[in-house]
Amino acid sequence: MCGIVGYIGYNDTKEVLLNGLEKLEYRGYDSAGIATLNKDGINLFKVKGRIAALRERVDNNVQATMGIGHTRWATHGAPSEDNAHPHQSASGRFTIVHNGVIENFYELRDAYLNDVSLKSETDTEIIVQLIEVLHQKYNDTAEAFRQTVALLKGSYAIGLIDAEDQDTIFVAKNKSPLLVGLGEDFNLVASDAMATLKETDRYLEIHDKEIVIVNRDYAEIQKLDGVAIEREPYIAEIDATDIEKGTYPHFMLKEIDEQPPVIRKIIQEYQDDHDNIKLDPEVRKAMLDSDRVYIIAAGTSYHAGLVGKQFIEKLANVPVEVHIASEFSYNMPLLSEKPLFVFISQSGETADSRSVLVRIKELGHPSLTITNVPGSTLSREANYTLHLHAGPEIAVASTKAYTAQIAVLVILAVDTAQAKGINLEFDPLQELGIVASVMESLTDQKETFEKIAADFFTETRNAFYIGRGMDYFVVQEASLKLKEISYIQAEGFAGGELKHGTIALIEEGTPVIALSTQKNVNYSIRGNVQEVEARGAKTCIISIEGLEQDTDTFVIPHVHELLTPLASVVPMQLLAYYAALHRDCDVDKPRNLAKSVTVE
Ligand code: F6R
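Residues numbered from 1 in each chain as written. Predicted model: local features only at pLDDT ≥ 70, side-chain atom pairs only at ≥ 80, totals over all residues. Heavy atoms only, no water.

Per an unreviewed UniProt entry, the chain goes by the name Glutamine--fructose-6-phosphate aminotransferase [isomerizing] and belongs to Aquibacillus rhizosphaerae. Of the chain, the UniProt comment under Subunit (unreviewed entry) reads exactly: "Homodimer." (UniProt positions renumbered as here; feature names shortened; annotations may be inferred.)

Dropping the structure here:
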């Protein structure tokens, strides 16, 4: 949520900031701004809206060799120019960008800022005003910055510039992601390496409650008490072309199409020279040592967890609970004696999941993160990490990360089963290979899904997806995809549960999409279709080879019954994509959302 970029060097900073913000727009896009500093002082440009609007607002005649920028996902205060970052102190000397939530901002305001008239409704402005107040006391910006940061409670990634110092960007971090990029004759600050890959691939990790003094030629990490910390930089292994759309109209469509190669990459990464599964032995041991797995995740990753539970229980015989991260802390279940916590997170930055990780670490329980971003917070802080190898996912609606999560969960479950000596009657890697080919045949039939989407979703305000067993988990994901990008109110329902109340919502023409890929429920889900048809629903049945009937709308080629979610979600993703297109929605950047949810 919210993206930050900073540059300090010898070239003009505008393009670096604007390009970086464009790459970070997935983190929030309701308002944006940049502030640059040159000998004439601060140049501030802010808009309500997207980076494209900011580009138009920025005065191209202004040249400066340092600056900070921000793209916002509103938390405190509605999206507006006043609430857009950067924010400035009363005198205009200090300018700040911030990502996160300051929990004690009312207290700080009341304790220190009674004489200051605030210009915005944001918690961020409190920070910059406080720096100015404390600067009056310490007469030193670094000290005022450190003292201010020490007073903050909550999450923050901060970039600060002082109009009287053209040589420094002051940086601080707690819980919210932030990196320092290192270049020849310049340095950068970014929420995500993707923002600045064009400039450098060398980054310095910043840990929580650290401060960084960033100059043109060096970046010094300090503890809050000012003591310097040595840390080696690392190379970000992201291919810059992975974050371009290429010839695709949208990242989402590109990422849907990338699913077969991602599955093949996962097979390759988790396979040894003898075609057996290769997994970190420590992860295997953690699985074998645990008497119950607790999967913690949010949104789409939670849906992948629901599927993963089936693999781990059915194949490896280990009990699994799946929990929504944001609820876990309030409704913490009675834990087993030897729990293993598995965090599933595409970004590895989801604040709700992280707060559970912090809690369970305090309790001394082991943890594994399954993520697409190995250097992310959840990955660094958990005991073990499994990498999704899906490549950067840019579209806000998650697609390839979901299938990658499921594939890695298959690997984890199979590895545990094999380590326990359980004989599986199928070759999992070979079956995953078949899934990749089936996915390809599905993505090749885009026109079919475009037509179904036009037929079912162009006019409607609501829709239902129904499924049973494994299909129930997939229809929950299908409905999330549809609602988040097309704004159609959609529900993914257990087929048998509909008649216990929700069937009252079915009217003449209500779209109901039924998924049937499981032999044991094929008959009963079709019965549910009859029930809704009898009440006027317009139905679409997506089934699988071997279970199909003449009246089915689409039949998915055969895959192993346990692995059907990997295939059956693809038509669902494409239906949502085309529904959004037909309704003229912004597919990659749906309203009110952001990709990386770094606030609780
Ligand atoms: C939906 C979507 C979200 C994320 C959720 C968790 O398409 O992308 O529901 O799955 O915000 O994010 P991660 O996986 O990064 O923890």
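Let's shift gears to the overall build of the chain. A tally of regular secondary structure across the chain gives 18 helices and 25 strands. Its C-alpha atoms give the chain a radius of gyration of 25 Å, near enough to 25 Å, the size a compact globule of 600 residues would have. Taken along the three principal axes of its C-alpha coordinates, the chain extends 75 × 55 × 45 Å. The buried share among the 600 residues of the chain stands at 61%. Of all intrachain contacts in the chain linking residues separated by at least 6 positions in sequence, the fraction that spans at least 24 positions is 72%. Summed over all atoms, the accessible surface of the chain reaches about 23400 Å², with 45% contributed by carbon and sulfur. Placing the 56 positive and 89 negative side-chain charges of the chain at their respective mean positions leaves the two points 3 Å apart. (Helix = DSSP H or I, 4+ residues; strand = E, 2+ residues; numbered from the N terminus. Rg over C-alpha atoms; globule rule 2.2 N^0.38 Å. Buried < 20%, exposed > 50% of the residue type's maximum accessible area, 1.4 Å probe, protein only. Contact = heavy atoms within 4.5 Å. Areas by Shrake-Rupley, 256 points an atom, 1.4 Å probe, with all protein chains shown as cover. Lys, Arg positive; Asp, Glu negative; His and termini not counted. Charge placed at Lys NZ, Arg CZ, Asp CG, Glu CD.)

Across a sheet, strands are paired by hydrogen bonds formed along the backbone, either parallel or antiparallel in direction. Strand order across the open sheet formed by five strands is β17-β16-β18-β19-β20, with parallel pairing between neighbours. Of all the strands in the sheet, just β17 (320-324) and β20 (384-387) have a single pairing partner and so form its edges. The sheet shows a mean angle of 20° between the axes of neighbouring strands, direction not considered. Two strands pair when backbone bridges link them, and strand β19 (residues 367-371) and β20 are joined in this way by four bridges, in the parallel orientation. By the bridge assignment for β20, Thr-371 is matched with His-387. (Pairing = 2+ DSSP bridges. Axes fitted to C-alpha atoms, helices over the stretch in contact; angles between N-to-C directions.)

With five of five residues buried, strand β12 (residues 210-214) lies mostly within the body of the structure. Here strand β8 (residues 169-174) runs beside β12; their pairing, made up of five bridges, is antiparallel. Bridge pairing in β12 places Ala-172 opposite Ile-211. Across five bridges, β12 lies against strand β13 (residues 219-223) in antiparallel orientation. Directly across from Val-214, in β13, lies its bridge partner Ala-219. Two successive antiparallel strands, β12 and β13, enclose a turn made up of four residues.

Another aspect to go through is the site of the ligand. Close contacts around the ligand come from 14 residues, with Ser-301, Ser-345, Ser-347, Thr-350 and Glu-484 the closest. In this structure, an oxygen atom belonging to the ligand sits 2.6 Å away from a side-chain N or O atom of Glu-484. Starting from 400 Å² of accessible surface for the ligand in isolation, the protein chains cover 90%. Breaking the shell around the ligand down by element, the ones donating at least two residues are α9 (299-316) and α16 (470-486). Residue classes in the shell around the ligand are distributed as four nonpolar, eight polar and two charged. (Near = heavy atom within 4 Å. Polar contact = N/O pair within 3.5 Å; in protein donor to acceptor, adjacent residues only side chain to side chain. Nonpolar A, V, L, I, M, F, W, Y, C, P; charged D, E, K, R; others polar.)

Once that is clear, we can look at the UniProt feature "domain: SIS" (unreviewed entry) in the chain. When the UniProt feature table is mapped onto this chain, "domain: SIS" (unreviewed entry) is found at residues 283-422 and 453-590. Taken end to end, residues 283-422 has its terminal C-alpha atoms 18 Å apart, with 47% of it in helix and 19% in strand. As a span, residues 453-590 carries 41% helix and 20% strand, and end to end its C-alpha atoms are 18 Å apart.

Here we take up the layout of surface pockets. In this structure, the largest pocket occupies an estimated 1000 Å³ of space. Lining the largest pocket are 41 residues; nearest its centre among them are Ile-238, Asn-372, Val-373, Pro-374 and Gly-375. Elements with a minimum of two residues in the lining of the largest pocket: β15 (234-235), α7 (259-269) and α12 (377-381). Per element, the largest residue contribution to the lining of the largest pocket is three residues, and it comes from α7. Grouping the constituent residues of the lining of the largest pocket by class yields 16 nonpolar, 11 polar and 14 charged. In this model, the second largest pocket occupies a volume close to 710 Å³. Along the walls of the second largest pocket sit 31 residues, with Ala-298, Gly-299, Thr-300, Lys-595 and Val-597 positioned nearest its centre. Looking at the lining of the second largest pocket, the elements that each hand over two or more residues are α9, β18 (339-345), α11 (351-362) and α16. Broken down by element, the residue count for the lining of the second largest pocket peaks at four residues, all from α16. Residue classes in the lining of the second largest pocket are distributed as 12 nonpolar, 13 polar and six charged. (1 Å grid on protein atoms, 1.4 Å probe; cavity = no way out; pocket = protein on both sides within 12 Å on 5 of 7 lines; lining within 4 Å. Points joined across faces, edges and corners; volume = space filled by probe spheres on them.)

Attention shifts here to the side chain of His-365. Here His-365 lies in the loop between α11 and β19. Sequence-distant contacts of His-365, defined by excluding residues within four places in its chain, comprise Leu-335, Pro-339, Phe-341, Ile-360 and Asn-383.

The next point concerns the packing of aromatic side chains. Applying the stated rule across the entire model yields 10 aromatic pairs. Between Tyr-203 and Tyr-234, the aromatic rings sit 6.3 Å apart at their centres with planes inclined by 35°, giving tilted as the arrangement. Residue Tyr-203 is found in strand β11 (residues 202-205), and its partner Tyr-234 is found in strand β15; the two are separated by 31 residues along the sequence. Classification of Tyr-203 as buried rests on a relative accessible area of 1%. An angle of 35° between the planes, with centres 5.9 Å apart, marks the rings of Tyr-472 and Phe-473 as tilted. Its guanidinium or amino end placed over the ring of Phe-456, Lys-538 lies 5.0 Å from that ring's centre, counting from NZ or CZ. The ring of Tyr-487 carries Arg-591 above its face, with NZ or CZ at 3.8 Å from the centroid. (Phe/Tyr/Trp six-rings, centres within 6.5 Å; stacked < 30°, edge-to-face > 60°. Lys NZ or Arg CZ within 6 Å of the ring centre and 35° of its normal.)

Right, let's get into the sheet that holds strand β22 (residues 489-494). If you walk across this open sheet you meet the five strands as β22-β21-β23-β24-β25, and the pairing is parallel. Each edge of the open sheet is held by one strand with a lone partner, namely β22 and β25 (554-556). Across the sheet, the mean angle from the axis of one strand to that of its neighbour is 20°, orientation sign disregarded. Pairing between strand β21 (residues 462-467) and β22: six bridges, direction parallel. Looking at the pairing, Asn-462 lines up with Gln-489 of β22.

Going through the model one piece at a time under the given rule, you end up with one cavity of 30 Å³ or more. When its volume is computed, the largest cavity comes out at roughly 80 Å³. Looking at the largest cavity, it is lined by 14 residues, and the ones nearest its centre are Cys-2, Thr-75, His-85, Gly-100 and Asp-123. In terms of residue class, the lining of the largest cavity is made up of four nonpolar, eight polar and two charged.

A word on the state of the cysteines. A complete count under the given rule lists zero disulfides for this structure. For the unlinked cysteine Cys-540, the closest cysteine sulfur is that of Cys-585, found at 20 Å. Assessed through its relative accessible area of 0%, Cys-540 is described here as buried. For Cys-585, a relative accessible area of 14% corresponds to the buried category. (Disulfide = S-S within 2.5 Å.)

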